[in-house]
Each structure stands twice: as structure tokens, then as C-alpha cells.
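Fold and geometry: a report
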Amino acid sequence: MRILAFSDLHRDLDQAATLVGMAADADVVIGAGDFASMHQGLEETIAALSGIETPAVLVPGNNETRDALATAAAELWPSARVLHGDSAEIDGQTIFGLGAGIPVTPWDWSFDLREEEAEAALESLDSGAVLVVHSPPRGHCDASSDGIHLGSTAIREAIERAQPKLAVCGHIHEAWGQTSTVGATEVVNLGPSGRYFEID
């Protein structure tokens, strides 16, 4: 399976158009959150991505809620499915998704989860899955510009336990493009440019 994955478009419609073109070379497309900016522009961004006919899996970022993303996808992007604490199977591959800012961010507008909520939501993650999270695991691809680790302990512990095939995230812009490993699992902070992965 060839995956095209990205995160943090934040209303960049030109980049969305680029991703539509790139999707023709993928079996599945993954969007790891933050299609909107502070809950603005979600519908326009999803509409710009809707030219992707390849099956797509989306998780909400902290800039849009799960419900808003699910509504926009249902109305505008028929080939996309929204995951938040659940999984989908595409061509025999399980993809598990969990969105939101984890841990809770400092912003009152942000769609966030507490670590305890994330831990409970990740209980059914297993080793055969591809993990799609908006927030990175703590200590991996999660450092701010001043070196502070902003990722999630619950996500890191879930990866340590389950050892999924791949874990992709976004959220921390300063870490876009960074890769790490948690045990045998590759972790990648995607950013908006789009990246291909080959999964057996």
C-alpha cells in the first residue's frame, strides 16, 4: 500500500491543489489534522481537497472539532472518512486515528483532549495498524523552537505498547519533517507538503 500523508494545511488552498495531484499516485490519503485555522476556513479547505478520489482518512486537529470535520467531509468529500478514537480498514490495512491537541493547549478556542482521555481512546490500537494522530508522542518530533517537548505521553505509551507499523502526526510546526522511532515504530511529523510511505 502506498500512502500519501500530510498535516497542518491551515487553509492553504494552493497546497491543497498540489496534494490533489499527488494523490493520484497513492492507494490511500491521510490528513493528520488542522485543515482550518482557529475554526475558520474548514469547508473551503475540505472542498479544495475533495478532488481526491482516492480513499482518505482524516483526523481533526486542534483547529477544528471532530463534528465540524465529519460534517464537512460528509457534505464535500465523499471518499474521506473521519476517525477520532476509532479505526477504518482500507484494502486490508487497519488505520487508527485520534485527533485534537494532546495534552490540552493554552488556547481557549482549541479542540483538545486530556492525557487521560487520549489514553482511553487509544486502548484498541494494535500492532497491525497505521496510527494517525494530530499530536506527536512526547519526546519525539515534538520540540518547540525553544526546545520544549510538547507531545503526548499517552500517545507515546500507546506506541510503545502496540508498536504500530507507522505513526504519523503534525501539530508542532517547528518539527515538520522530523522523524524518530519509538521501539520499532517510525514516527513522522508530516507538515503540509505531503509525503509518501510504503506499507506492506
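This text gives an overview of the structure that appears in the document. These figures come from a predicted structure and were not determined experimentally. (Residues numbered from 1 in each chain as written. Predicted model: local features only at pLDDT ≥ 70, side-chain atom pairs only at ≥ 80, totals over all residues. Heavy atoms only, no water.)

**Brief notes about the sheet that holds strand 2 (residues 28-31)**
Reading across the sheet, the five strands line up as 4-3-2-1-11 and stay open at both edges, with mixed pairing between neighbours. Two strands bound the open sheet, and with one partner strand each, they are strand 4 (80-82) and strand 11 (195-198). Across the sheet, the mean angle from the axis of one strand to that of its neighbour is 25°, orientation sign disregarded. (Pairing = 2+ DSSP bridges. Helix = DSSP H or I, 4+ residues; strand = E, 2+ residues; numbered from the N terminus. Axes fitted to C-alpha atoms, helices over the stretch in contact; angles between N-to-C directions.)

**Quick notes on the pattern of salt bridges**
Tallied over the full model, the rule gives six salt bridges. Overlapping salt bridges, with partners in common, bring together Arg 114, Glu 116 and Glu 117 in one network. (Salt bridge = Lys/Arg side-chain N within 4 Å of Asp/Glu carboxyl O.)

**So, helix 5 (residues 153-162)**
For helix 5, the full list of buried residues reads Ala 154, Ile 155, Ala 158, Ile 159 and Ala 162. End-on view of helix 5: buried residues confined to an arc of 135°, all on one side of the axis. On its buried face, helix 5 sits against helix 4 (115-121), strand 7 (130-133), strand 8 (166-169), strand 9 (179-182) and strand 10 (185-189). Where helix 5 begins, the side chain of Ser 152 points an oxygen toward the backbone nitrogen of Ala 154, at a separation of 3.2 Å. Within two residues after helix 5, Gln 163 carries a phi angle of roughly 50°, on the positive side. (Buried < 20%, exposed > 50% of the residue type's maximum accessible area, 1.4 Å probe, protein only. Arc of directions from axis to C-beta. Contact = heavy atoms within 4.5 Å. Polar contact = N/O pair within 3.5 Å; in protein donor to acceptor, adjacent residues only side chain to side chain.)

**Details of unusual backbone geometry**
The omega torsion of the bond from Ile 102 to Pro 103 falls at -5°, within 30 degrees of zero and hence cis. Of note, Arg 11 is a non-glycine position whose phi angle comes to about 70°, a positive value. By the element assignment, Arg 11 lies in the loop between strand 1 (2-6) and helix 1 (13-22). Take Arg 11: its relative accessible area is 42%, and that puts it in the partly exposed class. For His 171, which is not glycine, the phi torsion reads 80° and is therefore positive. One can find His 171 in the loop between strand 8 and strand 9. Of the residues examined, His 171 reaches a relative accessible area of 12% and is grouped as buried.

**Considering the packing of aromatic side chains**
Taken as a whole and assessed by the stated rule, the structure comprises two aromatic pairs. Taken together, a centroid distance of 6.2 Å and an interplanar angle of 85° make the contact between Phe 6 and Phe 35 edge-to-face. With a gap of 29 residues between them, Phe 6 in strand 1 and Phe 35 in the loop between strand 2 and helix 2 (42-49) connect regions that are remote in the sequence. We classify Phe 6 as buried; its relative accessible area is 1%. Their ring planes at 10° and their centres at 5.7 Å tell us that Trp 107 and Trp 109 sit as a pair that is stacked. Taking the relative accessible area as the measure of exposure, Trp 107 reaches 44% and is therefore partly exposed. Cation over ring: Arg 2 sits above Tyr 196, and NZ or CZ is 3.9 Å from the ring centre. (Phe/Tyr/Trp six-rings, centres within 6.5 Å; stacked < 30°, edge-to-face > 60°. Lys NZ or Arg CZ within 6 Å of the ring centre and 35° of its normal.)

**Points about the sheet that holds strand 6 (residues 93-98)**
In space, the six strands of this open sheet follow the order 5-6-7-8-10-9, with mixed pairing throughout. Each end of this open sheet is capped by a strand with a single partner; those strands are strand 5 (86-90) and strand 9. Each strand axis lies, on average, 20° off the axis of its neighbour in the sheet, ignoring direction. Bridge count for strand 9 against strand 10 is four bridges, and the pairing is antiparallel. Its bridge partner being in strand 10, Val 182 is matched across the sheet by Thr 185. Relative to strand 9, helix 5 is tilted by about 60°, and along the sheet it contacts strand 7, strand 8, strand 9 and strand 10.

**So, the packing of helix 2 against helix 3 (residues 66-76)**
Helix packing for two helices is described by the angle between their axes and how far apart those axes are. The N-to-C vectors of helix 2 and helix 3 enclose an angle of 40°; their axes lie 9 Å apart at closest approach. Accordingly, the angle class assigned to the pair helix 2 and helix 3 is oblique. With respect to the hand of their crossing, helix 2 and helix 3 are arranged in right-handed fashion. When helix 2 is examined against helix 3, the residues Leu 42, Glu 43, Ile 46 and Ala 47 are found in contact with a partner set consisting of Ala 68, Leu 69, Ala 72, Ala 73 and Leu 76. Along the lines of polarity and charge, the residues of the contact of helix 2 with helix 3 split into eight nonpolar, no polar and one charged. (Parallel < 35°, antiparallel > 145°, perpendicular 65-115°, else oblique. Left-handed = near helix turned anticlockwise from the far one by under 90°. Nonpolar A, V, L, I, M, F, W, Y, C, P; charged D, E, K, R; others polar.)

Bear in mind that shape data such as this cannot, by itself, settle questions of function.
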